[in-house]
Amino acid sequence: MKKLQLINIRGGRILDETTDVQGRLADIHIAGGVITEIVDAGSKLPKADIDLDATNCFVSPGFVDLHVHFREPGREESETIETGSRAAALGGFTAVVAMPNTEPSQDSRIVVDFVRAQGVRAGLCEVLPSGCITVGRAGQALAPYSELRDAGVTLFTDDGNGVQDPLLMRRALEYARDLDITLAQHCEVSSLTVGAVMHEGSCCSHLGLPGWPAIAEELMVHRDIELVRLTGSRIHFLHLSTERSVEMVRRAKAEGLPITAEATPHHFTLTDEALRSFDPVFKVNPPLRTPSDIAALKEGLRDGTIDAIATDHAPHASHLKEQPLDQAPPGMLGLETALALSLTELKMDAQAVVAALSWKPARIAGVGDRHGRPVAVGESANLAIFDPTCEWVVDREAVASKSKNTPYHGRTVRGKVRHTVFSGQVVVRDGVAQR
Amino acid sequence: MKHLRSISELGVDGIVRILGLANHMAEVNRRPVPKVPALNGRTVVSLFFEDSTRTRISFETAAKRLSADTMTFSVSTSSVNKGESLKDTIETVSAMGVAAFIVRHKTSGIPWQLSEWTDASIINAGDGWHQHPTQALLDSFTIMSTLGRAPSSDCLQGLTIGIVGDIRHSRVARSDIQAFTALGAKVVLVAPRTLLPPEVEGWPVAISSSLDDVIGELDVLYMLRMQRERMSEALVPHLGEYSARYGLDDRRAKMLPEHALLMHPGPMNRGVEMLIDPASMPNNMITQQVANGVSVRMAVLFDVLGGAETGAGVVS
């Protein structure tokens, strides 16, 4: 571990759960990994090793991504924990939940420990391994939740697969309840999506591509809401994509059921029309849907039905994506563009955007003790410092991720991370990763 | 025109242009020696990732009659079987100096993906359930020429064309709908809901689930092939029930107006959608479709490869 730096952050506006939406102009001193002084802007601060200019920036708690694929172990040609962590840091994230669909999958202590250790080795953000709901994500037998919880796992999912069997899902929820862990569902009734490439609707009808109907997601959202009602266990819904899903979650939350949900930037910014190009970069699971679904996701984020913005960052090497649409794997990059797309597209104030990127997901991930904290004396220094008005053009050749499958290449967006401080270290400075 | 990937990209002007050229090519094909030097020295590769009899041979015949050099890429004997990717395959073959690829693939969109990876022209010979533009052009040409009409943007005006069968999985239907309606015809799709695309609202067609209801009003009866594997996907209960509702049997043959044309893109499933011998029908166009296919594909190759500047002897 490197020596903990003395850092001064000057000229920015603190924006956290306790400030108003304008934020509060202040200068910050960090020592030993902890915020030790906050003074009025321009006042004297102790001497520092690094002075970070935060003019025109918000200084907020670092972001927490509930949903990333770092492909290690098993698919290091597409991403590694190090390259993924670098993309995360550049996106302002100080913690990410690594999905378990690695090879081997994260259903045993040894794999989970490995993922966490690789995250520590990279030292760019905290990599939180998720665990599988079922062994090998095969939907047959429960994974060892207690063993994995003892290894620090708080979120369990078979992401990429939904748990199809209602009995198994019921048992999983019942068993999880005693352990104080959260199950996260990828909602997809797979018999309705065999061979599916894109959203089932007018566009797929025209293009002659097999459709992934909204009902395949909604049936499982509905089933799991009822199972939560039955068992009293918590559930988190991954990457909701349809209008009806949002409405069902809204009603369930109004009843007080312990449900949380996330939405991805690509689902609230892109539609199935993108597939008219036949470019597999736009193939993703669940698929890009329609303008009315986008409107519902945005409204869900605004009214809090959807708690978190998560990226579902899913790198795939070019040779995997450059295949026929039915063979190309689903997924797209997200970490480096999430903040900008959220600020540009959501018509929410920056504080509400940061809430969905930081403290709300931090609590769902069970790391609210060290991420998404107020920017205050005595708190761990996990910070994102971003300029909300900076315009830039997304360039797939410039991404830190090992893969280039961003669907936003060439798009002008607003809002850019200038610096990221993780665990008292400057890991991104002036938009450049420091390690 | 650089590529022929879909009827909608071709547009109505392009359709009319190809139909006009096809008239000239049909004249060439009536000559004692049906061969012209138009594409001399140009190399055309047929890249068929899916089985085909008539389309591949039709294209290769068309290319040879225009004096192009033709090569056939057969997936079963190629490096694709050693795991070579589609991108590497097309880049490798392109490097040998290819003017045009004629491509068939089981997945929609392949012609668009390939045209990102090669400078050669791409002619779509069928991509997934999406498009089969030369089929639509030869179908339009067949109707137009049989009725003695000249190529124009309204050469199918006043006609009602019924397309019957598995529209959902049919690239022929998607192409024909675009071409027939662009040329002024009314199109009726006849199929059970399970064999229609999931969302057809906004398509310029009428829809019926009953062949009996519409057959008496048709000027063209266009039967599609019903594939046997559709039953396992729970799209129809069994082939017998499909035949009973949508097959062309003696009773329906009598309901069809006498002047109406009978068409089918082949290959036919006798005993499924075709319960009579089509040769017994006075206006059976099925063989004529195949014959016209060569003229239309000559027209497409000539148009795509810029034969107008390099060749001679076609347009008299």
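Residues numbered from 1 in each chain as written. Chains lettered and ligands numbered in written order. Predicted model: local features only at pLDDT ≥ 70, side-chain atom pairs only at ≥ 80, totals over all residues. Heavy atoms only, no water.

1. Some points on the overall build of chain B
Note the cut-off: Helix and strand labels come from DSSP, where a helix needs a run of H or I of at least four residues and a strand needs a run of E of at least two; each type is numbered from the N terminus. Using C-alpha atoms as the atom set, the radius of gyration is obtained and then compared with a globule rule of 2.2 Å times the number of residues to the power 0.38. Relative accessibility thresholds used throughout: buried, under 20% of the residue-type maximum; exposed, over 50%; partly exposed, between the two (1.4 Å probe, protein chains only). Here, residues are in contact when the closest pair of their heavy atoms is within 4.5 Å.
For chain B, the count of helices and strands is 11 helices and 9 strands. Whereas a compact globule of 316 residues would reach a radius of gyration of roughly 20 Å, chain B reaches 19 Å, a difference of no more than 12%. Counting only C-alpha atoms, chain B reaches 55 × 50 × 35 Å along its principal axes. By the burial criterion, 58% of the 316 residues in chain B qualify as buried. Long-range pairs, those at least 24 residues apart, make up 74% of the contacts in chain B with a sequence separation of at least 6.

2. Some points on empty space enclosed by the protein
Residue and element names in this part refer to chain A. Filter applied, for reference: Here a cavity denotes a set of grid points, spaced 1 Å apart and computed over the protein atoms alone, in which a 1.4 Å probe fits but from which it cannot get out, and a pocket denotes an open set meeting protein on both sides within 12 Å along at least five of seven lines; residues with an atom within 4 Å of a point are reported as lining. Grid points are joined across faces, edges and corners, and a volume is the space filled by probe spheres set on the points. Residues are sorted three ways: Asp, Glu, Lys and Arg are charged, Ala, Val, Leu, Ile, Met, Phe, Trp, Tyr, Cys and Pro are nonpolar, and all the rest, Gly among them, are polar.
Applying the stated criterion to the full structure yields 3 cavities of 30 Å³ or more. By volume, the largest cavity amounts to about 50 Å³. In terms of lining, the largest cavity is formed by I35, P61, R370, H371, G372, R373, P374, V375, S380, N382 and L383. Split by residue class, the lining of the largest cavity holds 5 nonpolar, 4 polar and 2 charged.

3. Looking at the domain arrangement of chain A
Residues and elements named next belong to chain A. Test applied: Domain start and stop points were drawn from an automatic or database domain assignment. Here, a salt bridge means any side-chain nitrogen of Lys or Arg that lies within 4 Å of a carboxyl oxygen of Asp or Glu. Polar contact is defined as a pair of N or O atoms within 3.5 Å, subject to the rule that within protein one atom must be able to donate a hydrogen and the other to accept it, and that residues adjacent in sequence are counted only when both atoms are side-chain atoms.
Taken as a whole, chain A is organised into domain 1 (7–59 + 377–401 + 411–433) and domain 2 (62–364). In this assembly, 31 residues from domain 1 lie in contact with 35 residues from domain 2. Close ionic contact of R363 with E17 constitutes a salt bridge, the shortest N to O distance being 2.5 Å. Seen at the junction of domain 1 and domain 2, the total is 11 residue pairs in polar contact (both at pLDDT 80 or more). Taken together, the elements giving at least two residues each to the side of domain 1 that touches domain 2 come down to β17 (383–393), β18 (412–422), β19 (425–429) and β20 (432–433).

4. Digging into the interface of chain A and chain B
In plain terms, the rule: Accessible-area loss on putting two parts together, using a 1.4 Å probe and summing over both, is the definition of buried area adopted here.
Taken together, the contacts link 19 residues of chain A with 19 residues of chain B. Summed over both sides, the interface between chain A and chain B buries roughly 1500 Å², with carbon and sulfur atoms accounting for 57% of that surface. The largest contributions to the chain A side of the interface with chain B come from A:S205, A:F278 and A:E322, which together make up 35% of the buried area. Put simply, chain A and chain B have 2 salt bridges between them. Between B:K87 and A:E322 there is a salt bridge; the shortest N-O distance is 2.9 Å. Taken together, the connections running from chain A to chain B amount to 8 residue pairs in polar contact (both at pLDDT 80 or more).

5. Notes on the layout of surface pockets
Roughly 1500 Å³ of volume is contained in the largest pocket. Taken together, 49 residues make up the lining of the largest pocket; nearest its centre are B:G128, B:W129, B:H169, B:Q227 and B:R230. When contributions to the lining of the largest pocket are tallied by element, the ones reaching two or more residues are α5 (202–207) of chain A together with α2 (54–65) and α6 (171–182) of chain B. No other element matches α6(B), which puts 3 residues into the lining of the largest pocket. Computed from the structure, the second largest pocket encloses a volume of approximately 810 Å³.

6. Description of the nonpolar core
Put simply, the rule is: Note on terminology: a nonpolar core comprises buried Ala, Val, Leu, Ile, Met, Phe, Trp, Tyr and Cys residues joined through side-chain atoms within 4.5 Å.
B:I163 and B:L221 are the most contacted members of the largest nonpolar core, which totals 94 residues. Examining the composition of this core, we find that 11 residues originate from one element, helix α1 (residues 7–29) of chain B, more than from any other. In terms of domain composition, this core takes at least three residues from each of domain 1 (7–132 + 290–310) and domain 2 (133–286) of chain B. In this structure, A:L183, A:L335, A:L339 and A:F422 belong to the second largest nonpolar core, which totals 79 residues.

7. Notes on the pairing of strand β5 (residues 50–53) of chain A
Each regular strand shows side chains that alternate between the opposite faces of the sheet. All names here are of chain A. This is how it is decided: The pairing criterion for strands is at least two bridges between them, as found by DSSP.
Across the two faces of β5 the burial differs, with I50 and L52 buried and D51 and D53 not buried at all. Summarising the sheet, strand β1 (residues 7–10) and β5 pair through 4 bridges and their orientation is parallel. Bridge assignment links I7 to a residue of β5, and that residue is I50.

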